[in-house]
Structure formats: structure tokens, C-alpha cells
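Next come the chains, spelled out residue by residue.
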Amino acid sequence: MAVLLPLRAAPQMDGFSLTSWLANIKWWQIGLLLLIWPVHAFAQGAVTVNDALAVLYKWAPFLVLNGFLFNVLISVLSMALGTGLGVLVGLTLISKWYALRLIGNTGTAFFRNAPWLVLLFVVLLAFPFEFTIFGMRVPFPGWIKAVIGLSLPVAANIAIVVRGAIQSVPSAQWEAAESLSFTRIQTLWQIIIPQCIKRMIPPWMNWYAILTMATPLCSILGTEEMVTLTRQAMEAEGNKPEFLMPFYGFVLVLFFLYCYPIAKLTVRLERKFAVKL
Amino acid sequence: MWSPTQPIVAMKDVKKSYGDFDVLKGISMDIMKGEVVCIIGPSGSGKSTLIRCINALNDIQHGSITVEGQEVHDPGLDKRILRRKVGMVFQQYNLFPHKTALQNIMMAPVKVLKEPRAEVEERARALLKKVRLEGKENSYPGELSGGQQQRVAIARSLAMRPDIMLFDEVTAALDPETVKEVLVTIKELAADGMTCILVTHEMGFAKEVADKVYFTDRGLIVEEGHPSEIFTNPKDPRTKAFLSQIL
């Protein structure tokens, strides 16, 4: 139906709107937000702003070094694993063999449309907590499972990015390479992928930002990352409700400070590469 | 075994269709080594499809095409070996945009033929000189004009030392003033004895350079012969109509 046309023509979001939205936040808006929340939180509290901030100040180095950096580590490892896996799966999506394409498409569709939290639970429960290799017990800690669990949906989404980028190269390039006797593999790695790697960078960074923001999910698996440690810190300080806003606000600000520049850069690169092509 | 006294390209009753649409309805032609052959005809008459069948970019449903005696559409044939013998130049140049002119030319001999880089580079520079693009070695395709890009594309094909060159409307996308520089390059190639098969709309060029002209219409060869016959004394009414329209 003609009415549906604009809907169908709408580009696939792929979460990119999130990055755009994040990158569009202005600095003064953040300032305003930071001013408003403590005022609201301390309107009728027994603990003063100064008390709460002093406690947070005490805990902050621990939360950043043991908590946030661990989130960063998880995100980097998940991204590395997800990218490697995603490129491989992306290549199956453009395979000449129907069976391989079918497997790739099914897997991609499944992992793109499954809730990340559920995937994390499944990975957590599917693997044992330790392996025995040649009589040696090798522990398999929860945070490594979290890395694997998070990398699965990332891989599925990177696969789509890879396929899209490869398909964006005109088919005439394939024909030119074919008529010069290049093999399919040579054509892909030496002619097609070098041309579209730039196009992959902005969506790739976008998925990295999304992944980083999803790492607090690991706290539900008991991984001692930022959110888990924040909760433990508040418990250690007597679990006063007045701490909730400053502590979780601190987590929020850290994630924002980390992801905001990535989002800004993504949008800038996106614009730059869009013009260059 | 093929010998140079036999046709270098021989087509017998070649038929091809896309679904219900018959593009080629039984094409036969013999092309001898060193010949320059122009295929002319109205758009949609199957000229490009025809030329693309010679290096197996398109498959055929019926008939046979041999290149140096080797059946092109033999399922057991390694098409890559065939394509080393048959160079192809496209309407849209199709240079690799992320490589310089020199790299574009060197890539296939180095990666596909595994020839030593130094040797290939020497040949590539000589080829650039031959197509009058000295000094453009390090230019990227985006920095070159259409005519220059097309000449790099010709050099790129020649770097594989093919026996036959296919030109698929190579001047159709060019500005009128750059058409000539590309045609001069092809003319020199022809003079060197390269077997050239061209699909073209450049009637003046066909008249001057071709040894043989084929006029195709709706998937069939309507008329063939020396350009002096075809252009001055066309026999078939369709050839007459076509030539009167464009000349």
C-alpha cells in the first residue's frame, strides 16, 4: 500500500539513532542536569549534600579503578571477540553457498533479536565454572562468560554491518576483478573490503558504545563491575537511601563521559566518510 | 590443438536468454588472430551480452564459444586461466578507487600471476607511457579524468599480456573531447597486432580501424562485412535504417 511506503523506505535503525541522540546532547544540557539532580534528591533528606559527596569522594577511586575500568575491559574484549566473529559471520551472509547463507542468516537473526540479558544468562548457565584439561583444573570465571555472552549479539550486528558495507561496493568492481582473474577470496580481501572498511567504522563504533552501555548487565551475573561495586559500597556505608542518587549518578556520569566522545566522533566520521564516497 | 590459422574466437549458434527474454538468438562469428572487429547495433540488441560471453562473465544456454580452441563454457574449465588470455575494458572503467594508477596496473600480475614485483613495475610504467599517462603513476582514479581513467583501465588489462582485448562501449561514458585520446590508444593497440573486439557507437572509428563490422539487432547478426561495404552499401533494411539514424 502506498501509505506504507515511507515506512518501508525508512533506513534500518541498527541502534544508530542512539549514538546520534547521544552526540546531539549539548554540554549546557549536561550541566543543567548535574545541577538539578542533587537538589531534587536532597530536598527532604537527613544526610546533607556534603555528607553524601564526601562518602562518594572516598569511594570514587576504588569504583573507577576496580569497577569502571573492568567494564571497559569487558567491553574491549567483547568487542574484539564480537568483531572477529562478526566478520566471519558477515562473510557467510554473502557466501555463494545457500546452506552457509542460511546458517548465517538464521544465527544472525536469532542473536540480533534476543534480549542481551537472556543471552548472558544462557551463556552463564551453559558453561561450567571450570574446565579440566589434561588433569588440570582451569577456572572459567563469570566475567569471561559475560564477555562471550555480550559478544554474541555484537557479532550478529557486526555481521550485518559487514554485509551492508560489502554490498555497498558496486558489483562492477567484482566484475573488473573477475575479468583480471582474481579469485573470489582475493577480490574480497584486496579489492572489496579495503574500499568499504571506512564505511564500517562509524557503525562499528556505534556498536561499541552500545556494548559499553550494556556492560552493567554483567552485575546481574555477579561480575564485580562498576554497578556491583557501587551497590556494595553503598551497603558498606549503611545503605542510606540518600546515597542512591549521588552513587548511581556517579556511575551515569562516568559512562556518559566515556561514551559521549565516542558518539561525537562516530557522528563526525560518519559525516566525513559520507562526503568522501 | 589450436593453431593461429584457426579462428582465435569462434562462436557457433550462441543463444542466451534472461527468463523469457531472448538476448542472443543464435550468434555465430569467427575472429582471426590480429583482427579488429566492431560490433554495432541499436541499444538492447545484445551487443554487450555477446562480448561478455567471450570471457565467461555471462553464461550461455546454447551453442559454443571457443577461445584459442578452448571451449569457454565447459563446466570443467578454470575460468581464471581463460581470463588471463582475454582482457576486458568496461564502459565505466571500473578502476579500483583505493589504488593508484600504477597499483591498479600492477595488482593482477603480482597477485594473480605471481610475477616479481620489480619486473611488473617496469612493465606497468612502460604501459602507462604507452597510453600517454607518464607522471600519473601515483594519481588515484578519482583524481583522473574519464579519458585518463579509461586509459589506465586499458593499461591494467594489457599488463596481464592478454591475446585478445574486449572493449565494451569504452567511450560511451566519456566527454566528447576525451573520446579521441582513448580511441587513439585502441588504434595503436590494433596496429600492434592485438586482437580487438569492440562494442561501439563510434562509427567513424569502426570505419577507420575495423577489419570487420558486425551489425546486430534483437539478438541476431543482421549483416557482417568489411566496414567499407557495411557503411557505404548496407544490404539489410535494418542496417540501413540504423545507419541513417546515426550517421
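Given the structure is predicted, the values throughout are model-derived calculations rather than measurements.

Take the overall build of chain B next. If you tally the helices and strands in chain B, you get nine helices and 10 strands. The C-alpha atoms of chain B give 18 Å as radius of gyration, which agrees with the globular expectation for 247 residues (18 Å, within 12%). For chain B, the spread of C-alpha atoms along the three principal axes comes to 55 × 45 × 35 Å. When burial is assessed residue by residue, chain B has 55% of its 247 residues classed as buried. With an accessible surface of roughly 10800 Å², chain B has 48% of that area assigned to carbon and sulfur atoms. Charge separation in chain B, taken as the distance between the mean sites of 33 positive and 33 negative side-chain charges, equals 3 Å.

Moving on: the interface of chain B and chain A. Counting residues at the interface gives 23 residues for chain B, matched by 16 residues for chain A. Taken over both partners, the interface formed by chain B and chain A buries close to 1700 Å², and the fraction arising from carbon and sulfur atoms is 60%. Summed over the shared surface of chain B and chain A, the number is two salt bridges. Two residues, Glu178 of chain A and Arg83 of chain B, come together in a salt bridge whose shortest N-O distance is 3.2 Å. Linking chain B with chain A are eight residue pairs in polar contact (both at pLDDT 80 or more), by the criterion used here. Listed by contribution, the elements that provide at least two residues to the side of chain B that touches chain A are helix 2 (79-85), strand 6 (86-89), helix 3 (101-111) and helix 5 (146-158) of chain B. Among the residues forming the side of chain B that touches chain A, the class breakdown is 11 nonpolar, four polar and eight charged.

Glancing now at the nonpolar core. If you look at the biggest cluster of nonpolar residues, it comprises 96 residues, and the most contacted ones within it are Leu63, Ile166, Phe182 and Phe247 of chain A together with Ile197 of chain B. The biggest single contributor to this core is helix 9 (residues 184-214) of chain A, with 13 residues. Formed by 49 residues, the second largest nonpolar core is a distinct cluster that contains Ile186, Leu198, Met203 and Ile230 of chain B.

Taken residue by residue, chain B gives an average pLDDT of 91. The fraction at 70 or more is 100%. Within chain B, the element-level pLDDT minimum falls on helix 9 (residues 237-246) of chain B, averaging 87, and the maximum on helix 3 of chain B, averaging 95.

Our next topic: the sheet that holds strand 4 (residues 62-67) of chain B. Residues and elements named next belong to chain B. The four strands are arranged 2-1-4-5 in an open sheet whose pairing can be described as antiparallel. Looking at the sheet topology across the chains shown, the edges are occupied by strand 2 (21-31) and strand 5 (70-71). Examined bridge by bridge, strand 1 (residues 9-18) and strand 4 share five bridges and lie antiparallel to one another. Residue pairing in the sheet places Lys15 in a bridge with His62 of strand 4.

All right, on to the packing of helix 5 (residues 98-112) of chain A against helix 7 (residues 142-167) of chain A then. All names here are of chain A. Contact geometry for helix 5 and helix 7: axes closest at 8 Å, N-to-C directions at 125°. The angle between helix 5 and helix 7 falls in the class oblique. Handedness of the crossing formed by helix 5 with helix 7: left-handed. Between helix 5 and helix 7, the residues in contact are Asn105, Thr108, Phe111 and Arg112 and Leu152, Pro153, Ala156, Asn157, Ile160 and Arg163, respectively.

As a further point, take the environment of Asn104 of chain B. Residue and element names in this part refer to chain B. With respect to the helices, strands and loops of the structure, Asn104 is situated in helix 3. Between the alpha carbons of Asn104 and Ala153 there is a distance of 8.1 Å; along the sequence they are 49 residues apart. Those residues in contact with Asn104, other than ones at most four positions away along the chain, are Leu95, Phe96, Lys99, Pro141, Val152 and Arg156.

Quick look at the pairing of strand 9 (residues 212-217) of chain B now. Residue and element names in this part refer to chain B. Of all the six residues making up strand 9, five are buried; the element is thus mostly covered by neighbouring parts of the structure. With four bridges joining them, strand 3 (residues 36-40) and strand 9 adopt parallel strand pairing. Residue pairing in the sheet places Val37 in a bridge with Lys212 of strand 9. Where strand 9 lies against strand 10 (residues 220-225), five bridges are found, and the strand directions are antiparallel. Counted as the bridge partner of Phe215 is Glu223 from strand 10. In this antiparallel pair of consecutive strands, strand 9 and strand 10, the connection spans two residues, and Arg218 shows a positive phi of 45°.

Now for the UniProt feature "domain: ABC transporter" (unreviewed entry) in chain B. Cross-referencing UniProt, the feature "domain: ABC transporter" (unreviewed entry) maps to residues 9-243 of chain B in the present numbering. Helix makes up 38% of residues 9-243 of chain B and strand 26%, with an end-to-end C-alpha separation of 27 Å.

Now for the pairing of strand 1 (residues 130-133) of chain A. Residues in a regular strand point their side chains to alternate faces of the sheet. Inspection of the sheet shows strand 1 of chain A paired to strand 2 (residues 136-139) of chain A by four bridges, in the antiparallel sense. Bridging from a neighbouring strand, Glu130 of chain A pairs with Pro139 of chain A of strand 2 of chain A.

Right, let's talk about unusual backbone geometry for a bit. All names here are of chain B. In this structure, Asp13 takes a positive phi of about 50° despite not being glycine. Among the secondary structure elements, Asp13 is positioned in strand 1. One non-glycine residue with positive phi stands out, namely Ala56, at about 65°. Tracing the sequence through the fold places Ala56 in the loop between helix 1 (47-54) and strand 4.

Attention now goes to helix 9 of chain B. All names here are of chain B. Taken together, the buried positions of helix 9 are Thr239, Phe242 and Leu243. The arc enclosing the buried residues of helix 9, seen along the axis, measures out at 95°, which places them on a common side. For helix 9, the exposed residues set more than 90 degrees away from the buried face come down to Pro237, Ser244 and Gln245. Buried residues along helix 9 sit against strand 3, helix 7 (203-209), strand 9, strand 10 and helix 8 (227-232). Between a side-chain oxygen at the N-terminus of helix 9 and the backbone nitrogen of Arg238 the separation is 2.8 Å; the capping residue is Asp236.

Definitions and cut-offs
- Residues numbered from 1 in each chain as written.
- Chains lettered and ligands numbered in written order.
- Predicted model: local features only at pLDDT ≥ 70, side-chain atom pairs only at ≥ 80, totals over all residues.
- Heavy atoms only, no water.
- Helix = DSSP H or I, 4+ residues; strand = E, 2+ residues; numbered from the N terminus.
- Rg over C-alpha atoms; globule rule 2.2 N^0.38 Å.
- Buried < 20%, exposed > 50% of the residue type's maximum accessible area, 1.4 Å probe, protein only.
- Areas by Shrake-Rupley, 256 points an atom, 1.4 Å probe, with all protein chains shown as cover.
- Lys, Arg positive; Asp, Glu negative; His and termini not counted.
- Charge placed at Lys NZ, Arg CZ, Asp CG, Glu CD.
- Contact = heavy atoms within 4.5 Å.
- Buried area = accessible area lost by both parts, 1.4 Å probe.
- Salt bridge = Lys/Arg side-chain N within 4 Å of Asp/Glu carboxyl O.
- Polar contact = N/O pair within 3.5 Å; in protein donor to acceptor, adjacent residues only side chain to side chain.
- Nonpolar A, V, L, I, M, F, W, Y, C, P; charged D, E, K, R; others polar.
- Core = buried A, V, L, I, M, F, W, Y, C linked by side-chain atoms within 4.5 Å.
- pLDDT = per-residue confidence, 0-100.
- Pairing = 2+ DSSP bridges.
- Axes fitted to C-alpha atoms, helices over the stretch in contact; angles between N-to-C directions.
- Parallel < 35°, antiparallel > 145°, perpendicular 65-115°, else oblique.
- Left-handed = near helix turned anticlockwise from the far one by under 90°.
- UniProt positions renumbered as here; feature names shortened; annotations may be inferred.
- Arc of directions from axis to C-beta.

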